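# Understanding the architecture of this molecule
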Amino acid sequence: MPDAVVAALISLVGTFAVAIIAYVGGFRREVTRTSRERMREARQRLIGDRMQTSEVMSFIQSRRKRRFPFIWKQSWPDLSWIILKEADLRNLDLRGCNLYHANLCKADLRGVDLRQADLNRADLREANLSDANLSGANLNRAHLHGAILTGADLSWADLSGLDLNRFDLHGVNLAYANLRAIELRAANLREADLRGVNLSGAYLSNADLSGADVAGGNFNGADLRGTIMPDGTKHA
């Protein structure tokens with residue numbers, strides 16, 4: 001075959017390949033742009049008090065999808081500043097979600113899975129968290145006034161510095177949780193799981209710890225005046 005023909009064929013193949021790459025690249029950019037626009041709109045709806053529970057789950061599932069070429073990576077859904085006041089979120093899977101400053105006031109969160117979730121500064125006032133799984137969750141500076149935590153799993157969670165005075169935490173799992181400097185005055189901690197918990201500097205005056213498991217717990221600097229200890233005796 002003459003060199004000129006070979007050169008022409010190589011040039012043609014090269015031009016075709018460049019055209020294909022350009023087309024695929026353009027298509028990919030358009031898909032990415034459209035996806036970003038959808039996510040931007042969804043994010044606006046998340047903080048605009050117009051989001052339905054089904055839409056929230058659809059958004060979460062879309063953000064959890066593994067994307068080529070980084071199929072080994074899974075993103076954490078960003079629900080920061082979301083407004084879900086009085087929403088029914090029972091038994092939903094919200095694992096690892098970013099719920100920073102979320103408004104969940106009076107929400108029904110019974111049985112919800114919030115493992116490893118970021119609830120920093122979240123508004124959980126009067127929320128029902130009965131039997132919720134909050135293991136490893138960050139609740140630092142969250143607002144929990146009037147919340148129900150019956151049967152909740154708070155093991156390994158960060159509740160440092162929270163105001164839980166007079167809370168009913170009977171039988172709650174707080175194993176290995178960070179409760180440093182927490183306020184638990186007159187709280188009901190009967191039969192609670194407090195193994196390995198960090199209660200250094202905590203305020204536990206007049207709290208009831210009768211029957212609680214405190215093995216390995218750190219109570220350094222804690223205020224235990226009038227506290228009923230696990231063995232039923234009252235601290236001086």
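These numbers come from a predicted model, not from an experiment. (Residues numbered from 1 in each chain as written. Predicted model: local features only at pLDDT ≥ 70, side-chain atom pairs only at ≥ 80, totals over all residues. Heavy atoms only, no water.)

## Regarding the overall build of the chain
Test applied: Here a helix means four or more residues in a row that DSSP labels H or I, a strand means two or more in a row labelled E, and each is numbered from the N terminus. Accessible area is worked out with a 1.4 Å probe on protein chains only. A residue is then buried under 20% of its type maximum, exposed over 50%, and partly exposed in between. Any two residues having at least one pair of non-hydrogen atoms within 4.5 Å are treated as being in contact. Residue-level accessible areas treat just the shown protein chains as cover; the underlying method is Shrake-Rupley with a 1.4 Å probe.
On a plain count of helices and strands, the chain comes out with two helices and zero strands. For the chain, the proportion of its 236 residues judged to be buried stands at 39%. Pairs at least 24 apart in sequence give 8% of the contacts found in the chain among residues at least 6 apart. For the chain, the exposed surface amounts to about 13,200 Å²; the carbon and sulfur share of it is 53%.

## A look at the packing of aromatic side chains
Filter applied, for reference: The pairing test for Phe, Tyr and Trp rings, Trp by its six-membered ring, is centres within 6.5 Å, and the orientation test on the planes gives stacked under 30 degrees, edge-to-face over 60, and tilted for anything in between.
One pass over the full model with this rule turns up two aromatic pairs. Their ring planes at 75 degrees and their centres at 6.1 Å tell us that Trp81 and Tyr100 sit as a pair that is edge-to-face. With Trp81 in the segment after helix 2 (53-64) and Tyr100 in the segment after helix 2, this residue pair connects regions lying 19 residues apart in the sequence. The partly exposed category is assigned to Tyr100, whose relative accessible area is 26%.

## With respect to the side chain of Asp223
In this structure, Asp223 sits in the segment after helix 2. In this structure Asp223 comes out as buried when scored by relative accessible area, which is 16%. The residues contacting Asp223, other than those within four sequence positions of it, are Ala202, Tyr203, Leu204 and Ser205.

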